[in-house]
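Coordinates in review
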Amino acid sequence: MAKIAAEDIGKRTKQEERRMMWHSVKQNKACYLMLAPFMLFFLVFTIVPVVMSLPMGFTDFNMAQAPKFIGLSNYTTLFLSDKIFVKSIRVTIVFALFTGPLSYVLCFLLAWLINELHPKLKTLFTLIFYAPSMAPVYTTWQMIFSGDMNGYANSFLINLGLANSPIQWLTDANYVLGVTIIVQLWISLGAGFLALRAGFQNIDRSMYEAGAIEGIRNRWQELIYIVIPSMGPQLMFAAVMQIVSSFTAGTVAQNLVGFPSTDYKAHTIMTHAFDYGWVRYEMGYASAICMILFVVMYLLNKLISKVLSKYMD
Amino acid sequence: MAQSMVNTEKLKASNKQAGRKIGGTVAILVFLIVLGLFMLFPIYLMIVMAIKPVEELFIFPPKLHAINPTLNNFKDMFEVMHQNRVPFSRYVFNSVLVTATVTILQCFFASMAAFVLAKCKFPGNKILNSIIVVALLYQSNVIYIMQYIVMAKLHMIDTYWALILPAIASPMGLFLMRQSIGQVPDAMIEAAKVDGAGLFRICWQIVMPNQKPALMTLIIFAFQAAWNIQSGTVVFQEQYKTLTTVATQAASAGLARAGVAMAAQVFVFIPPIVVFMLAQRQVIETMAHSGIKD
C-alpha cells in the first residue's frame, strides 16, 4: 500500500477528481443537450475558422501557395518599419476615443430619455435612432459632403455666407477624419442602443414607485439609484458592442472618403488589414494586424467589465 | 420652501409620475426631435433620391424634394432584376427561405443556450461564457477565408446551406440573451425545479415568457443580419441568390443607375423596418412585473 503524505489526507486524488467531474457532467446532461444545437454551429462556423486563423499571423500566406512559417517577422515589420501602420494606430485611437465613449453615452442617454415617453412616441423615436443601422446610406452622405457646390453641406454654408468656396470635405486632409467620425456616430446607435432599450423595458415599474416613496426626488436620482443598478448586464453588452464597433471601424471611411484616404488621415488599423488582406493578398500580415487589434480590444474589455462590475455590486 | 413642501407631498404618492415636472418632459422631447431630425436627414434624402427622375439628380442648387416624383427608378430596378435567367419569384422565395430559417433557428438555439449558460452550474460553463465574448471581440478578415474553406470541405458551396448554416449561431445573439436571462431571479427557477419541471420546460414556460424585450430585440438583429446576407461569395448560381444580393447587383452599374441604386437601397430597407416596427411594439407593450425579487 502506498504511503500517504500528511498534507494529502482529505485531498482527492486525480482519479477521484476525474470521476467526480464525469459524474457532474452526467448529472447535467440536460444542460449539454440544450447547449448542443447552438454550440455545434458555433464550433463549425466560428471556433474552427478562428482557431485556423490564429497561426496565420506567424506565416507568409498569399492565398495561392501554402502558408510559410516566418516566426515573428510580421510583427517586427509592423512595429519597426511599417510607418503607415504606426499612423493607423493613431487614427484608430483618435477615432475610438471620439466615437466609443460618446456613442456609448448617447446609446444610454437616448434609450433612457425615450423610455420617459408615451408608448407610441417610444416606437417612433427608437425607429428613428436605430434606422441608420438598418440603412447605412453612404451614398447620401457623399452627396451631403460632396466637394462641389452641389453638395448639401457646401450649398448650405455658401447660402448662409459662412463659406466663400466649396469645401472639399471628403478629400481635404483637415476634414476627412472629422467627417468620418460624424458618420460613424450617426450609425453607432445600433445593437447596444436596442439592447439598452429592451433593458429599460424590463425594469419593474414598482421599483420607480418604491423609489418615489423612499424620497427619490428627480430623474437624475432615479437614474443613479434605480436605473443603473438594474441595467448592469445590458450596460456590459452595450460596452462590448461599442468597443468592437469603434475599434474595428473601417467600412465607413472606405465608403465615404475613399481608399486610401487623403494622406491616410482616416486610415484605421482595420483599413490597414483590409489593404493587406484583400488588396495585396498578404493574409499572414493582415492576420498579424488583426491579432494586435484583438489583444487591445480584449484588454480594454477586461478593464471595462472590471469597472462596471465594481459599480454594479 | 413652500414649493419643496408641495413637491415632497407629491412624492409621497406612490405614483411614479409624482416627481416629474412637465418642463423636463418638454425639454426631453425638444432634444429628441432635434437629434432625430439629424438622424433622419440622410435617410430622407435617400428616399427623395429614389423618387427623383434621373435629370433631377444633378441639378444646382440641390433640392430637398423631388419636383416631379416618379416611381421609374423602382420600375427600372425590377426590369434589371427580371432580365436574369431566373424568374423574379425565385429570388423572393430564396430570401424568405433563408431569412425565416435563420431567424427562427437563431432565436430558438440562442435562447436555449443562453438560459443554460446564465442559470445552470455545470463543468465548462465559465469557459464557454468567456469564449462567447472573445468570439465577439475577435474580428479578423482571415476568418472569412477559413469559413469558406470549412464550407468547401463540407460541400456546402453553391447550396442553400452556405447561406443558412453559418448565420445560425451568432455569438452576439447568445450574449444578448445571456445578459438578459441572467437577471431572472434564481428563486423563480428553483421554485420551478421544486415543482418538478425539467430544464427545457423551465426555459420555455417560465423564463422565456418573461424575456419578451430581449427576444424581440434578438429577432430584429437576426432578421436584419439574415436579410442582408450577401450571397455573392458563397453561391454562384443565379438560382440560389437572394433578393438583397440581386438588388445590390442591379444598383452597381455606375452613374447611369444612380437612381436605381437609391431605389434598391430603399427597397432593401423596407422589410427590416416592418419587422422592426412589429417587434418593437411587442417590446414596448411589455410591463415588467416578475413578482419575485432577489
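Worth saying up front: this structure is predicted, and the values here are computed from it rather than measured.

About the criteria used
Residues numbered from 1 in each chain as written. Chains lettered and ligands numbered in written order. Predicted model: local features only at pLDDT ≥ 70, side-chain atom pairs only at ≥ 80, totals over all residues. Helix = DSSP H or I, 4+ residues; strand = E, 2+ residues; numbered from the N terminus. Rg over C-alpha atoms; globule rule 2.2 N^0.38 Å. Buried ≥ 20, exposed ≤ 12 C-beta atoms within 10 Å, placed from the backbone. Contact = placed C-beta atoms within 7 Å. Axes fitted to C-alpha atoms, helices over the stretch in contact; angles between N-to-C directions. Left-handed = near helix turned anticlockwise from the far one by under 90°. Nonpolar A, V, L, I, M, F, W, Y, C, P; charged D, E, K, R; others polar. pLDDT = per-residue confidence, 0-100. Core = buried A, V, L, I, M, F, W, Y, C linked by C-beta atoms within 7 Å. Parallel < 35°, antiparallel > 145°, perpendicular 65-115°, else oblique.

Per the secondary structure count, chain A includes 15 helices and 2 strands. Computed over C-alpha atoms, the radius of gyration of chain A comes to 26 Å, more than 25% over the 20 Å expected from 2.2 N^0.38 for 313 residues, which places it beyond the range of a compact globule. Taken over the C-alpha atoms alone, chain A extends approximately 95 × 70 × 35 Å along its principal axes. Buried positions account for 43% of the 313 residues belonging to chain A. Within chain A, counting contacts between residues at least 6 apart in sequence, those at least 24 apart form 67% of the total.

The number of helices and strands found in chain B is 13 helices and 0 strands. The order of α-helices and β-strands along chain B, N terminus first, is α-α-α-α-α-α-α-α-α-α-α-α-α. For chain B, buried positions account for 40% of its 294 residues.

Turning our attention to the environment of A:Gly250. All names here are of chain A. As for its position among the elements, Gly250 is in the loop between α12 (232–247) and α13 (251–256). Look at Gly250 and you get buried, because 25 C-beta atoms sit within 10 Å. Sequence spacing of Gly250 and His272 is 22 residues, and the spatial spacing of their C-alpha atoms is 8.8 Å. With sequence-adjacent residues up to four places away left out, Gly250 is seen in contact with Thr268, Met270, Thr271 and Phe274.

To continue, consider the packing of helix α5 (residues 119–134) of chain A against helix α13 (residues 258–285) of chain B. Helix packing geometry: the angle between the two helix axes and the distance between the axes. Where α5(A) contacts α13(B), the two axes come as close as 10 Å, and the packing angle between them is 145 degrees. Crossing of α5(A) over α13(B) shows right-handed handedness. Contact with α5(A), carried on its side by A:Pro119, A:Lys122, A:Thr123, A:Thr126, A:Leu127, A:Tyr130 and A:Met134, involves B:Phe269, B:Pro272, B:Ile273, B:Phe276, B:Met277, B:Gln280, B:Arg281 and B:Ile284 of α13(B) and no other residues of that element. A per-class count over the contact of α5(A) with α13(B) returns 10 nonpolar, 3 polar and 2 charged.

For the rest of this paragraph, the subject is the interface of chain A and chain B. The partner chain B presents 83 residues to the 86 residues of chain A that form the contact. Per element, the largest residue contribution to the side of chain A that touches chain B is 17 residues, and it comes from helix α2 (residues 29–53) of chain A. Here the residues of the side of chain A that touches chain B are counted per class, giving 59 nonpolar, 19 polar and 8 charged.

The next subject is unusual backbone geometry. Residue and element names in this part refer to chain B. Phi at His155 is positive, roughly 55 degrees, even though this residue is not glycine. Secondary-structure assignment places His155 in the loop between α6 (142–153) and α7 (160–168). One non-glycine residue with positive phi stands out, namely Asp158, at about 65 degrees. Given 15 C-beta atoms within a 10 Å radius, Asp158 is considered partly exposed.

This next bit is on the environment of A:Ser287. Mapping A:Ser287 onto the fold places it in helix α15 (residues 283–312). Sequence separation between A:Ser287 and A:Leu54 is 233 residues, and the spatial gap between their C-alpha atoms is 7.7 Å. Leave out the neighbours within four places in its chain, and A:Ser287 touches A:Ser53, A:Met56, A:Gly57, B:Ser140 and B:Val142.

On to the confidence of the model for chain B, then. Residues and elements named next belong to chain B. Averaged over all residues, the pLDDT of chain B equals 81, while 88% of them reach at least 70. Here residues 1–18 is modelled with pLDDT under 50, and outside its nearest four sequence neighbours on either side it reaches 15 contacts, counting other chains as well. Note on residues 289–294: pLDDT is under 50 here. Beyond four places in sequence and across chains, it has 10 contacts. Prediction confidence for the complex, expressed as pTM and ipTM, is 0.86 and 0.85 respectively.

Among the nonpolar cores identified, the biggest contains 166 residues, and A:Phe38, A:Ile289, B:Ala113 and B:Leu218 are the most heavily contacted of them. It is helix α4 (residues 88–119) of chain B that provides the largest number of residues to this core, a total of 14 residues. Leaving out residues up to four positions away in the same chain, A:Phe38 has contacts with B:Phe109, B:Ala110, B:Met112, B:Ala113, B:Ala169 and B:Leu174.

Residue and element names in this part refer to chain B. Relative to each other, helix α3 (residues 72–82) and helix α12 (residues 243–251) sit at 110 degrees, their axes nearing to 9 Å. Judged by the inter-axis angle, α3 sits roughly perpendicular to α12. Where α3 abuts α12, its residues Met77, Val80 and Met81 lie against Val246, Ala247 and Ala250. Taken together, the residues that form the contact of α3 with α12 break down as 6 nonpolar, no polar and no charged.

Residue and element names in this part refer to chain B. In this structure, Ala225 sits in helix α11 (residues 212–227). Residue classification places Ala225 among the partly exposed positions, given that 18 C-beta atoms sit within 10 Å. Once the C-alpha coordinates of Ala225 and Gly23 are considered, the two residues, 202 residues apart in sequence, prove to be 40 Å apart.

Another point: α12(B). Residues and elements named next belong to chain B. A large share of α12 lies buried, amounting to 7 of its 9 residues. Looking only at α12, the buried set comprises Leu243, Thr244, Thr245, Val246, Ala247, Ala250 and Ala251. In this fold, the buried residues of α12 make contact with α3, α4, α11 and α13.

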